[in-house]
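Examination of the molecular architecture
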Amino acid sequence: MKTTTLILAFALSFIVSLADDGKYMEVMQKNIMTVYTAKTIPDLQAVVNTFERVGAAEKTKWEPFYYASFGYIMMANQEADLTKKDSYLDQANAAIKKASAIVTNESEIVAIEGFIQMLRIGVDPATRGQEYSGLAMQSFGKAVGLNPENPRALGLLAQMQFGTAQFFGSSTAEACGTADKALEKFATYKPASPLSPQWGKEMTVELKGKCK
Amino acid sequence: MLRNAKINFMKELFTILFTAISFITFSQTTISGRVTDAKGESIPSANIVILDTYDGASSDADGKFVFTSTETGDKILQVTAVGFESFQQAITLDGHSQTLTVKLPELINQLEAVTISAGSFTAGEEKRRTILKPLDIATTAGATADIAGALNTLPGTQKVGESGRLFVRGGDDSEARVFIDGLAVLNAYGTAAPNTPSRGRFLPWMFKGTSFSTGGYSAEYGQALSSALVLNSKDKVEMSQTDIGILSVGADVAHTQAWERGSMTGKVQYTNIRPYFGLINQRIDWKLAPASLEGSTAFRQEVGKKGMLKFFGNFNRSNFSLYNHDILDSSIKQLYELTNNYAYGNVAYSTILNDKWNIRGGLSYNLNQNNTKLDGSPLDESEKGIHGKVVAEHSLSDKVEIRFGTELIARDYEASKRDSSSSAILKQDFKESISASFIETEIYASNHFVTRAGGRFEYNSLTNKSIVDPRLSLAYKPGKHGQVAFAYGTFRQSPKNLYVRVNNNLLSEKAEHFILSYQVVNDQRTFRVETYYKKYDNLVKFLDADGYALNNKGYGYAKGAEVFWRDSKSLKNVDYWISYSYLDTKRNYLNFPYAATPYFASKHNFSFVYKHFLTKLKSQVGFTYSYSSGRPYNNPNENKFNANMTKAYQDLSANISYLPKNFLIIYISCTNLLGYNNVFGYQYSTSPDEQGVYHSRAVQQAAKRFLFMGVFITISKNKSVNQLPNL
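What comes next concerns the included structure. These figures come from a predicted structure and were not determined experimentally.

**Points about the overall build of chain B**
- Helices and strands together make up the secondary structure of chain B, namely five helices and 38 strands.
- Projected onto the principal axes, the alpha-carbon positions of chain B cover approximately 140 × 55 × 50 Å.
- Expressed as a percentage of its 727 residues, the buried residues of chain B come to 39%.
- Counting only contacts in chain B whose residues sit at least 6 apart along the sequence, the fraction spanning at least 24 positions is 59%.

Listed below in structure tokens is the structure:
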């Protein structure tokens, strides 16, 4: 009987923990869909708030903060007021810092860091262009180094290379080559978990469209 | 049978368990409410959460929220929103609906809050609400990447073309002091031949923030009568790179090595203007035109969790020689030779101890040696100075901050020359140490009203005198963009070395500032208007026009009004600013027989700076037009002192930066495109001719125009970097 009780207790705790993780997976999956499809800043803020709540409760999971940061990036993308855009990027940065405090050397997180740096340029290109383009390139390089199979790191790197080439009126061949490579990786990319990032393909396809 | 019983038992257990679980699931508590600010205005998108659970909601456009929680028992409800303090409240979840009204106090935030603005121009790299950025300084036409040159296009400054230095609100160049990371810089300008503009010794790129104050500055800054230029050096550099510059007047090479928690930069620069002067005729009779060798190094290291250690060092050796011609008889000439040795070192450390305390401190060392020879007869001057400082910053709450610190500024000055008749060495020297402490508090009544009040105590070892100077600043921001500010303070500075060495007992000169300003900063447009009154006391005065009998009986005033407008939004790829300063000043000091306007003061100063980025040409072109009304000069042939006026000064300068490749910049600049024949004043012969007439000579630019070219190449692992971020 003692053994039965033990087994039972063990099984129960397993079920409960599974249920718990199940809830995490369920809430995350639902909200990840929302962050990908939300159109307005208030909608994005609402889903970001949810990620922040989940992140605060879970403490050992990096995904909630990763997607909170992604949500803020999408908000920054929509915002026209440069001061507000900058403050959304500040929020995105604060969120991704929480994620990187949980896991180090995660390619997806480093790619987001680069994404933020890339968007900083747009706020004040004359003052920030030089410094932030260097930083963004460095981050994308690091993200690709950490995981050469990460299509988002390659896709963002292609964006950066394309922008730089356009600015200097030089050949976009390198950027387009990177975009090709990114698309290859998008095709073969197998998400490690249902919570793994899935975005970025459209953006890269669009970029590829500009290549002659 | 037994097995079946067991299965039945388990079934039952599961049923009970599941019923229990579902029972818990269906015991829900509905929580609803509204989030507002202190005034009752709704806060949308606030995040409401039961801590350590997923349960919560975002407030809607009306600040309203509603959600259900399956949790039970005592929990903590937290509400957060950007720009507001977070809120926590204990809550018991027992199935009964609850309605809450949450008022969030606003967070004093730098982006929206009122700022101390009277008298100051703050320029930072990061924050968008700044007036001038390091890049703006570097790309201002006519400034040739000189900090003072660019600041001279701002209101409150008077153009003194033959000097190239900062003259602020009726003050002379010595009254505007430079501080790097809070530490004083003596001799902030490089040496230049008489009546030729000097350049600042420090490049704008080194600094992440520049705060140029034309009056009413913080009690932290002493020994500055008119202006404090506070430069904050950059933190660690993120990328390793090598920079090479090939200039029309020399070359430089720099290398930066970055590592995980620090970086180090070293730079060597050689400047030689001789070939250029060989090509372009100069009004100066050079024997040997200026050449200099300069080295600098910057070291940054993060220490511990929040600490940053910075070291900056700079040495410079320059020399030139020229012939001074007698005004009466230009065939009589005197050889003037100068060698200057300069060294500056600065160690600064800052750390955040905890949420409430910040500590920063540092030590700077200055060495400046001028070895002059007049027709071979030596005249040596040397000044050594150290400045040590420790400052603590404490926030009592997010609305009240206290800053206090203590510092020591010690200087050791010596001048010597050989007496022409006895050939004995004559010496004049002094050792001065000023110990000072200051305390200042900044109180935010709200995001709309801030007060900064404090005082500064100084003790001077030479005069054995102590003084206390009060400082006060207020700013009120009624709406979103505009703000009114007021500043008052008394400011002191030891007289120039030239006078202290003659009379060691001279008191500090004193100025009292009253400033009233209004400014609107809206996205990429800035408008500001400022008016001030400044009262001078204890100025050095010659007794009976004798330069060796000095007292502190001089006095004076300066008053004026200034307007500034900058717009980088209205026209695409265009950034421009306009500044105008009106100045009325008189003083009775030095050899003045009565109160008169000094030679460096011009009534009207106007600058128009225009920058246009041409995307297709990958170039930025810039123009700067400056106008200064005439300056007074004294004609000894007339009875009235300083009663004559030069004609107005005008200059139109242009520059172009071309970025053909992302690691290459080509830069060309030219001053005075239209070739105005500017006269800065007149020098008169020391004695009259046989008819009793003093002869004059105009003080003019060494050449009408100055043309400068440079090619800057950056080598780094990734090619997208060029020298714009750090030079």
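**What to know about the sheet that holds strand E6 (residues 87–93) of chain B**
- The antiparallel open sheet is built from four strands, whose spatial order is E3-E2-E5-E6 (chain B). Strands with a single pairing partner mark the edges of an open sheet, and in this sheet they are strand E3 (56–58) and E6 of chain B. Going across the sheet, the axis of each strand differs from the next one's by a mean of 15 degrees, ignoring polarity.
- The pairing of strand E2 (residues 47–50) of chain B with strand E5 (residues 73–80) of chain B spans four bridges and is classified as antiparallel. Looking across to E5 of chain B, one finds that Asn47 of chain B is bridged to Thr80 of chain B.
- Sheet strands touched by helix H2 (residues 41–58) of chain A: E2 and E3 of chain B. Its angle to E2 of chain B, the strand with the most contacts, is close to 30 degrees.

**Describing the environment of Asn644 of chain B**
All names here are of chain B.
- Looking at the secondary structure, you find Asn644 in strand E33 (residues 644–645).
- With 17 C-beta atoms counted inside 10 Å, the residue Asn644 sits in the partly exposed group.
- As for Asn644 and Tyr599, which are separated by 45 residues in sequence, their C-alpha atoms are 9.9 Å apart.
- Setting aside residues no more than four positions away along its own chain, Asn644 makes contact with Pro632, Tyr633 and Asn635.

**Structural notes on the packing of helix H4 (residues 82–102) of chain A against helix H5 (residues 107–123) of chain A**
All names here are of chain A.
- Closest axis-to-axis distance for the H4/H5 pair is 10 Å, and the angle between their directions is 165 degrees. Between H4 and H5, the angle falls in the class roughly antiparallel. Where H4 crosses over H5, the two elements pack in a sense that is left-handed. On H5, the residues touching Leu82, Lys85, Asp86, Leu89, Ala92, Asn93, Ile96, Ala99 and Ser100 of H4 are Ile109, Ile112, Glu113, Ile116, Leu119, Arg120 and Val123.
- Partitioned by chemical class, the residues of the contact of H4 with H5 number 10 nonpolar, two polar and four charged.

**Brief notes about the packing of helix H3 (residues 63–78) of chain A against H5 of chain A**
Residue and element names in this part refer to chain A.
- Here H3 crosses H5 at 20 degrees, and the two axes come no closer than 11 Å. It follows that H3 is roughly parallel to H5 by the angle criterion. With respect to the hand of their crossing, H3 and H5 are arranged in left-handed fashion. For the pair formed by H3 and H5, the contact residues are Tyr66, Ser69, Phe70, Ile73 and Ala76 on the first element and Glu108, Ile109, Ile112, Phe115, Ile116 and Leu119 on the second.
- Of the residues assigned to the contact of H3 with H5, the class counts are nine nonpolar, one polar and one charged.

**Considering unusual backbone geometry**
Residues and elements named next belong to chain B.
- The phi dihedral of Asn464 falls on the positive side, at around 60 degrees, and the residue is not glycine.
- Within the secondary structure, Asn464 sits in the loop between strand E23 (449–460) and strand E24 (465–476).
- Among the residues examined, Asn464 registers 8 C-beta atoms within 10 Å and is labelled exposed.
- Even without a glycine there, the phi angle at Asn672 is positive, about 45 degrees.
- Structurally, Asn672 can be placed in the loop between strand E35 (664–670) and strand E36 (679–684).
- With 21 C-beta atoms counted inside 10 Å, the residue Asn672 sits in the buried group.

**What about the sheet that holds strand E4 (residues 64–69) of chain B?**
Residue and element names in this part refer to chain B.
- If you trace the three strands from one edge of the open sheet to the other, you get E4-E1-E7, paired in mixed fashion. Of all the strands in the sheet, the pair left with one neighbour each is E4 and strand E7 (98–104). Across the sheet, the mean angle separating the axes of adjacent strands is 25 degrees when strand polarity is ignored.
- The pairing of strand E1 (residues 29–37) with E4 spans six bridges and is classified as antiparallel. Paired with Ile31 across the strands is Phe67, a residue of E4.

**Regarding the environment of Met308 of chain B**
Residue and element names in this part refer to chain B.
- On the secondary structure map, Met308 appears in strand E17 (residues 307–325).
- When the 19 C-beta atoms within 10 Å are taken as the criterion, Met308 is described as partly exposed.
- Taking the C-alpha atoms as reference points, Met308 and Ser218, 90 residues apart in sequence, are found 23 Å from one another.
- The residues contacting Met308, other than those within four sequence positions of it, are Asp235, Arg300, Glu302, Val303 and Ser350.

Cut-offs used in this document
- Residues numbered from 1 in each chain as written.
- Chains lettered and ligands numbered in written order.
- Predicted model: local features only at pLDDT ≥ 70, side-chain atom pairs only at ≥ 80, totals over all residues.
- Helix = DSSP H or I, 4+ residues; strand = E, 2+ residues; numbered from the N terminus.
- Buried ≥ 20, exposed ≤ 12 C-beta atoms within 10 Å, placed from the backbone.
- Contact = placed C-beta atoms within 7 Å.
- Pairing = 2+ DSSP bridges.
- Axes fitted to C-alpha atoms, helices over the stretch in contact; angles between N-to-C directions.
- Parallel < 35°, antiparallel > 145°, perpendicular 65-115°, else oblique.
- Left-handed = near helix turned anticlockwise from the far one by under 90°.
- Nonpolar A, V, L, I, M, F, W, Y, C, P; charged D, E, K, R; others polar.

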